[in-house]
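These are the residues of each chain, in order.
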Amino acid sequence: MKELTTCVLSVLLLDLTLGWTYWIALLLLKSPISGGLGGLWALGAVNYMCLYYLSSALTGGKPEPVLRRLVFLLCLLGPVLETGQMLMSKADRAYMGPPPDLTRVPLSTVATLLACVIWEKGLYDEKSAKRKPQIQGARERFGRLLQFFKPDVLCLAFSALIVGAVCDTVIPLYQGNVIDMLKASMVETNLRYAIATLACVSLGSAMFSGVRGGLFMFSLARLNRRLKHILFHTLLQQEIHFFEENNAGELSSRLHSDVDRMGRTVALNANVLVRSTFKTCLMLVLMVQLSWELTLLTVLEMPLLGLVQNRYTTKSTELKEQIQSHHAEISALVLQSVSGIETVRSFNAEKVEIKRYQAALDKLCGVKRQRGIYSSIYCLIRRMVSLMIKIFFFVLARRLILSNQLSIGCLVSFLLYQKPMSNNLREIMNGYGETKSTVGVISKVFSYLDRNPKCQTAGDLAPEKLEGRIVFENVSFTYPSKSSEKTAPTALRSVSMELRAGQMTALVGPSGSGKTTCVSLLKRLYEPQEGQILLDGQPLHKYELKYLHNKMAVVSQNPVLFCGSIKYNIEYGLKESNIDQVREAAKRINAESFVSELDRGYDTDVGEAGGKLSEGLKQSIAILRALVRDPQVIILDEATSKLDVLAQHAVLGEVLSAGRTVLVVAHQLKTVEKADHIIFLENGEIIEEGTHQDLMDKRGRYYSLKEDLFKT
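The present account deals with the structure reproduced in this document.

Basis of the calculations
- Residues numbered from 1 in each chain as written.
- Predicted model: local features only at pLDDT ≥ 70, side-chain atom pairs only at ≥ 80, totals over all residues.
- Heavy atoms only, no water.
- Pairing = 2+ DSSP bridges.
- Helix = DSSP H or I, 4+ residues; strand = E, 2+ residues; numbered from the N terminus.
- Core = buried A, V, L, I, M, F, W, Y, C linked by side-chain atoms within 4.5 Å.
- Buried < 20%, exposed > 50% of the residue type's maximum accessible area, 1.4 Å probe, protein only.
- Contact = heavy atoms within 4.5 Å.
- Polar contact = N/O pair within 3.5 Å; in protein donor to acceptor, adjacent residues only side chain to side chain.
- Axes fitted to C-alpha atoms, helices over the stretch in contact; angles between N-to-C directions.

In this structure, strand 1 (residues 470-477) lies alongside strand 4 (residues 530-535), joined through five bridges in antiparallel fashion. The residue bridging Ile470 from the neighbouring strand is Leu535, located in strand 4. Pairing between strand 4 and strand 5 (residues 538-539): two bridges, direction antiparallel. Following the sheet pairing, Leu534 is matched in strand 5 by Pro539. Connecting strand 4 to the next strand, strand 5, in antiparallel fashion are two residues, including Asp536 with a positive phi near 55°.

Quick look at the structure:
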């Protein structure tokens, strides 16, 4: 660091020496510079070689990038400044060389050094070169996001945007012309024409701006709807392990908040960025024509604000990500508490949940408070910079007016441009910062869209007749959430068994023995790591998914019901259903009487997750939902535990009819005793199997645990 400082000071000292030598030569010769602007650029090249040689000698090799940039700017500033003044000069004359003012040399060097400091410390990020792949990736993501706008009319929206921006930009210019024509000496016809032109331009600005806004909002609404539909469809295709790793609150937040934010980034930020950039460029041209001196002073505000904006954007992006994470955490917490309100109430844990919710809110408020402080400091610095620029502006404007280089009308037009110009620059920086902060959100959503389910793709097998014979062949399985653990227990170990068609098979065993895992594999919620499950001799994954779920129905102990009527829940997932068939099935399992006692019968609203119904009625609805599909395989996972004895007999009689294959997971002795085949599982392995009488005669594990497992 000390060596670099020494090199910079040496380069600045040499630059001052060469500059003063050049200016003193001009004073002594008292003649224009030889060669005009070309000679000035040649002198800059010579100066560059001298400074570069000095910096190379001081560093003992190739100068560091920061030193090379300083040398380049020191040699380039003079020729660019003189060339710009010549081009902006209204006088048609040859270049006479810079004025012999020795104070311009240190002023130029100090200005160059200040510009370098602002660039190196504020605007330029040394890590940006290392982030080129990330920047390229961000561009690809935004380009991909733009592809979703293809069905919309963005071309028409951007056309209206450009026309409206042009009309809006020239309004101050025509206002200044009208002010200059208010003199008594001006012809009245010219004044009327100027006012009419101003009115037409104002009308065009209002009309096309309205069309532009409406089209962008219309496109935004369509984009959000399209993206949410695609993302929701993708999420529903994922395997169960995906939903175990990602909580429902976070997924819901991604589906709604993040998709809305993505849409705003393109539809609204693109609108603002394109409009502001176009208007800024057009305003800059018009302002230079009015007064290049005032324009230069106005534009000076941009790098100073950019220095502050760059620092603020980095911190703001980090805080926004934290806020989004806290919002997802709060959503998950509320969803968990509300969905499990019965458990919360049973354990008198309301205060515990309130404390958890309050702690999550405190974290969110802390991050928001920190973001508010940074925002306030940023606004204060930005306003102070604007105030200083404004003071210098009026001092310079007074001098130009007194020297007749600027008229009152032109000054009014310039003032009318100045605030929109600053607003446009601010909108560009804010829009860029907002767009930059959305890259992480877009990446996360696209990661969901690009995620392929980690399960075997369903086939197209759909035979007209299904026997219903199910065979487990050396099936081993470990839950994915535990597979990374070295001591993770295996749920199933080389399990081989057969569920015979037209018979009832019972799975029994202590808790954690693997009964529910077998049911989950049959439902294809998971895929076995080893072995396979065959249905009528074909692997389960070869069957068409819809066909498999129609032919294999599962009724669990705690069935899931959705908001809506009883009829809606029974017919859930079916394209066509007959209410008479539903009533007939309800009569056969003794559920019709319970439903008929309700005020609205099958149109009764079940409430959130069936909260308005009794546990027995919820199980009856779940059984009806399975029976109306007329499945060939029925799996009852403690499905009749909440029913009375008569209803249990009716359900078993109904499911055993029509030659169905029935798998029962039960803890009740009477249910298991009626099974044609009993399989006893323990620690993921089959210990015993046979009929009830066979297992009782063996006096093995089934017999020893009978009193604990099968109490009626």
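Another point: the nonpolar core. Residues Ile570, Ile678 and Tyr702 are the most contacted members of the largest nonpolar core, which totals 41 residues. No other element matches the seven residues that helix 22 (residues 615-627) contributes to this core. In contact with Ile678, other than residues within four places in its own chain, are Ala506, Val508, Val672, Glu688, Glu689, Gly690, Thr691, His692, Leu695 and Tyr702. Judged by nonpolar contacts, the second largest core, of 29 residues, contains Phe477, Leu492, Leu507 and Leu540.

Mapped onto the elements, Arg701 comes out in helix 26 (residues 701-704). A C-alpha to C-alpha distance of 9.0 Å links Arg701 and Gly509, two positions 192 residues apart in sequence. Look past the residues within four positions of Arg701 in its chain and what remains in contact with it is Phe680, Glu682, Ile687 and Glu688. One polar contact links Arg701 to Glu682, side chain to side chain, over a distance of 2.6 Å.

Before going further, it helps to spend a moment on the sheet that holds strand 4. Strand pairing in a sheet relies on backbone hydrogen bonds. The paired strands run either parallel or antiparallel. Strand order across the open sheet formed by four strands is 2-1-4-5, with antiparallel pairing between neighbours. Only two strands of the sheet have a single partner each, and these edge strands are strand 2 (492-499) and strand 5. Here five bridges tie strand 1 to strand 2, and the two strands are oriented antiparallel to one another. Residue pairing across strands places Val471 opposite Glu498, the latter belonging to strand 2. Helix 17 (residues 515-522) rests against strand 1, strand 2 and strand 4 of the sheet, and its axis sits at about 115° to strand 1.

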